[in-house]
Amino acid sequence: MIRSLDFGAAYYPEHWPEPDWARDIAQMQAAGFTVARLGEFAWSTLEPAEGRYEFGWLDRAIDQLSAAGIATVLGTPTAAPPAWLTQRYPSTLATIDPQGHRDSHGARCHYCVNDPIYLKQCAAIASAMAAHFGGRSDVIGWQIDNEYNRVCYCPTCRAKFQAFLQTRFGDLDTLNRRWATGYWSETYSSWDQIAPPAHAVPNPGLALAWRAFVTESYRLFQLNQVEAIRAHVAPEVWITHNFMKWFDAFDHYALSQDLDLASWDWYEPLGWHDRFTSGAMHALVRGYKRRTFWLMETQPGHVNWGRSNIDLQPGQARPWAWHAIGHGADAVLYWQWRMALNGQEQMHGSLIDQSGQPRPFYADAQAVGQDLARARSALAGTTIAARVAILYDFPSRWMVEGQRHHGDFDYVQHLVRAYAAVAGRNITVDVVSPDTDLAGYAVVIAPALAAFTPERIARLAAFAQRGHLVLGPRTGTRDDAAALWPERAPAGLQDLAGCEVEEYFALAEPVAVAGEITGTADVWAERLRLRAGDAQVVARYTAGNGWLAGHPAIVRRATPAGSLTTLGAHFDGPTLSAVLERILAEAGVEPVLETPAGVEALRRVGPAGQEVLIVINHTRESQTLATPPGRFDVLAGEPVGASLSLSGYAVAVLVRA
Ligand SMILES: [Zn+2]
């Protein structure tokens, strides 16, 4: 069960003398906290010697929080194994590079994800914690580990990788054929010849399979603990993991399948965020489970790990928190509550300083707490409903970034351009897997969806019969072993698209296109060739552009109840915006609200269809916008007239009056 708008922080009571806790918790209560996250790095305190569990202190902390109306999310502490464990069982430490260097104690996430001893130790601590705390109704959810990020190259991982390949490909002939290993005499005659990728430019098939193996490894690592916890907790207690930003060492969709709830940690070291990049990240996490999520960590002012760690401006915590909620967060938690006296994150932002007193940011957090208290009932049970989807795919990203061809072809930035072209109109966008159900969408955009499988081709073709499909450059070039399709892109969809890619070019300078759309491509351009008489050329590359001059750059073909548009280039924002504007209008997709630049309007929808509009002024200046009739601002506690004025960084949450 997901509560409405939880608010809190990570709290490490083990860092502080027990008499301090009462003051800490009273100040949490005064900030409007409803939840605290505990335990995630406390293994050496919870199990100071092998098999000797000391849970009493954590019970007392949860008791005190509970008495103040603050629920607990418990983290399993497996990101930080204790020294007794890594000393007694050195195989648990990760081998950090293909050259065989083993990590040492004193970091975090420095474990081997496949080591059988480590998996046993993780199951033991997770199981002991769940058996002890699982019956408590004030422990509402569990977080497995913290920010998975390490890849291991030890002999165990290498052997498991070989076994994984054997399961995936069946026999070596198949693997050799799919990876085209005859190239550079890579042909394998025995499974144990296959090593993890160790070179700057590995065989693309090997590189892709390694990522799939890392995904499988973390999935099993996580499942080991999910099962240990599930055995002891009530069905309504959820289990999550806190993912990181655009991190891509494994396929997050696969790991999310075993979780009840996705969550993530949003940090901006420069204290500034491009709201389209952050909006796309929130949408990405929302897409992992195709439901609302938790913002498990965000910065109370500043971080400590960037090159320069700039603070948020006074008052900026509100638009920051509401931006997350408007994109589907059901909770906002800061990291962390109180700054520790020592340790690697000594200078990180927190709400309370080392003396136990509020830092300046505390007042801003308190204002967010007040907002959430006012809006909690209005937002209960609400979710995000989008008619536009952008497809994000880990294998496609790995393939594109493994061979960018142009150093500036960045998969994520390319995707964010498409996202901004839609979200910049205050149109709600989902970011989802290409393997998900596309029913319910009117427009689907596939930027650089390199990896095509027969299933994906069929799903996209079916969608294009009734919706508006937009294929970006580099789409439909590779199969699921990273091999080129032995036909021109977009493989399997050329007939429906009415065009195919004749050649691709890394661009030395921007190239103009003209026709029904006038605009500019940068970084990458494809020369399209028409295949159908009824395919419509929306734009051509202009004269003077070498191999591209005069050839189609954007092709559209109508389908029985939709269309398929092929974008043959990496277009700049205004060009993408112009192309997508026509498609969105044709699909009848409406913006949430019209707003001035710098003001974002987001919508959450309740189970009975009730609409909550979240209007955010991301700028420091006052902004005014027209509002629909009959609205009430639950934050201001008053009805709204025909227009709404928002001071710098102000937020309004509008329900029907
Ligand atoms: Zn390993």
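Q: Got a minute to help me understand the overall build of the protein chain in this structure?
A: In terms of helices and strands, the protein chain carries 17 helices and 27 strands. Counting every position in the protein chain, which comprises 657 residues, the buried fraction comes to 49%. Expressed as a percentage of contacts within the protein chain between residues at least 6 apart in sequence, the contacts between residues at least 24 apart total 73%.

Q: Just to check I follow, could you spell out the packing of helix α1 (residues 21-30) against helix α3 (residues 56-67) for this structure?
A: In a pair of packed helices, the angle between the axes and the distance between the axes together describe the arrangement. Following both chains from N to C, one finds α1 and α3 inclined at 35°, their axes separated by 10 Å at the closest point. Viewed along their axes, α1 and α3 form a crossing whose handedness is right-handed. Contacts between α1 and α3 involve W21, A22 and I25 from the first element and A61, Q64 and L65 from the second. Looking at the contact of α1 with α3 residue by residue, the class counts come to five nonpolar, one polar and no charged.

Q: Looking at this model, I keep getting lost on the nonpolar core. Mind explaining?
A: When a protein is soluble and globular, its nonpolar side chains tend to lie buried together. Among the nonpolar cores identified, the biggest contains 201 residues, and L295, V332, I390, Y419, I614 and V615 are the most heavily contacted of them. In terms of residues, this core owes the most to one element, helix α8 (residues 204-230), which gives 12 residues. Excluding anything up to four places from it in sequence, Y419 contacts F276, G279, A280, I390 and V429.

Q: What should I look at first to understand the sheet that holds strand β24 (residues 631-633) in this one?
A: Two orientations exist for strands paired in a sheet by backbone hydrogen bonds: parallel and antiparallel. The five strands are arranged β21-β22-β27-β24-β25 in an open sheet whose pairing can be described as antiparallel. Because the sheet does not close on itself, it has two edges, and the strands there are β21 (599-605) and β25 (638-640). Averaged over all neighbouring strand pairs, the angle between strand axes comes to 30°, with direction disregarded. Note: strand β22 (residues 611-617) against strand β27 (residues 651-656), four bridges, orientation antiparallel. Among the inter-strand pairings, I616 is bridged to a residue of β27, identified as V651. Strands in contact with helix α11 (residues 317-326) are β21, β22 and β27; relative to β22, the strand with the most contacts, it is inclined by about 145°.

Q: Just checking my understanding: could you explain the domain arrangement of the protein chain for this structure?
A: Here the domain parsing of the protein chain yields domain 1 (6-77 + 117-146 + 213-377), domain 2 (388-587) and domain 3 (599-656). Using C-alpha coordinates to define each centre, domain 1 is positioned 38 Å away from domain 2. When residues of the side of domain 1 that touches domain 2 are assigned to their parent elements, the largest contribution, eight residues, is made by helix α10 (residues 275-289). Split into classes, the residues belonging to the side of domain 1 that touches domain 2 amount to six nonpolar, three polar and four charged.

Q: It is not clear to me how the sheet that holds strand β6 (residues 242-244) should be interpreted in this structure. Could you clarify?
A: Read across the open sheet, the nine strands follow the order β5-β4-β3-β2-β1-β9-β8-β7-β6; overall the sheet is parallel. Each edge of the open sheet carries a strand with a single partner, namely β5 (238-240) and β6. Neighbour-to-neighbour, the strand axes of the sheet open up by a mean angle of 30°, direction not taken into account. By the bridge criterion, three bridges tie strand β8 (residues 293-298) to strand β9 (residues 329-334) in an arrangement that is parallel. Note on β9: the bridge partner recorded for F293 is A329. Sheet contacts for α11: β7 (263-266), β8 and β9; angle to β9, the most-contacted strand, approximately 145°.

Q: Is there a simple way to think about unusual backbone geometry in this case?
A: In terms of backbone geometry, most residues other than glycine have negative phi values and most peptide bonds are trans. Across the junction of W335 and Q336, the peptide omega takes the value 5°, indicating a cis bond. Among the structural elements, Q336 can be located in the loop between β9 and α12 (361-379). Residue P490 is reached from A489 by a cis peptide bond, and omega for that bond is -5°. Looking at where P490 falls in the secondary structure, it is placed in the loop between β13 (468-471) and α16 (494-497). Although it is not a glycine, C109 sits at a positive phi angle of roughly 55°. Mapped onto the fold, C109 is located in the loop between α4 (83-88) and α5 (116-133). Of note in the backbone geometry, W184 takes a positive phi value of approximately 60° without being a glycine.

Q: Any chance you could explain the pairing of strand β3 (residues 71-75) here in plain terms?
A: Regular strands show a simple pattern: their side chains alternate between the two faces of the sheet. Of all five residues making up β3, five are buried, and the element is well covered by its neighbours. Of the two faces of β3, the one carrying A71, V73 and G75 and the one carrying T72 and L74 are both buried. Pairing of strand β2 (residues 35-38) with β3, which is carried by four bridges, proceeds in the parallel orientation. Looking across to β3, one finds that R37 is bridged to V73.

Q: Explanation requested: the environment of L351 in the structure shown.
A: Residue position: L351 is located in the loop between β9 and α12. Accessibility expressed as a C-beta count within 10 Å gives 27 for L351, which makes it buried. C-alpha separation for the pair L351 and Y53, spaced 298 residues apart in sequence, amounts to 30 Å. Excluding its chain neighbours within four sequence positions, the residues that come into contact with L351 are A9, A31, P300, Y334, W337, P358, R359, F361, Y362 and A365.

Q: What exactly am I supposed to notice about the packing of α10 against helix α14 (residues 411-423) here?
A: Packing of α10 against α14 leaves a shortest axis separation of 9 Å and a crossing angle of 100°. Relative to α14, the element α10 lies roughly perpendicular. Residue-level inspection shows F276, T277, G279 and A280 of α10 in contact with α14, the latter providing L415, V416, Y419, A420 and A423.

Q: Would you take a moment to explain helix α15 (residues 454-466) for this structure?
A: Every α-helix winds through 3.6 residues per turn, so residues three or four apart in the chain are directed the same way. Given a rise of 1.5 Å per residue, 13 residues ought to cover 18 Å, and the 19 Å separating the end C-alpha atoms of α15 matches this to within 8%. Every buried residue belonging to α15 is among R456, L460, F463 and A464, and all of these are buried. Projected onto a plane normal to the axis of α15, the buried residues spread over an arc of 100° and lie on a single side. α15 presents P454, E455 and A458 as exposed residues on the side facing more than 90 degrees away from its buried surface. Of the surrounding secondary structure, the elements contacted by the buried residues of α15 are β12 (443-446), β13, α16, β18 (552-559) and β19 (562-567).

Q: Sorry if this is basic, but what is going on with the environment of T520 here?
A: Its place among the elements puts T520 in strand β16 (residues 519-530). A C-alpha to C-alpha distance of 8.7 Å links T520 and H570, two positions 50 residues apart in sequence. When near neighbours in sequence (up to four residues on either side) are disregarded, T520 contacts P510, A512, D572 and T575.

Cut-off values and rules
- Residues numbered from 1 in each chain as written.
- Predicted model: local features only at pLDDT ≥ 70, side-chain atom pairs only at ≥ 80, totals over all residues.
- Helix = DSSP H or I, 4+ residues; strand = E, 2+ residues; numbered from the N terminus.
- Buried ≥ 20, exposed ≤ 12 C-beta atoms within 10 Å, placed from the backbone.
- Contact = placed C-beta atoms within 7 Å.
- Axes fitted to C-alpha atoms, helices over the stretch in contact; angles between N-to-C directions.
- Left-handed = near helix turned anticlockwise from the far one by under 90°.
- Nonpolar A, V, L, I, M, F, W, Y, C, P; charged D, E, K, R; others polar.
- Core = buried A, V, L, I, M, F, W, Y, C linked by C-beta atoms within 7 Å.
- Pairing = 2+ DSSP bridges.
- Domains from an automatic or database assignment.
- Parallel < 35°, antiparallel > 145°, perpendicular 65-115°, else oblique.
- Expected span 1.5 Å × (residues − 1).
- Arc of directions from axis to C-beta.

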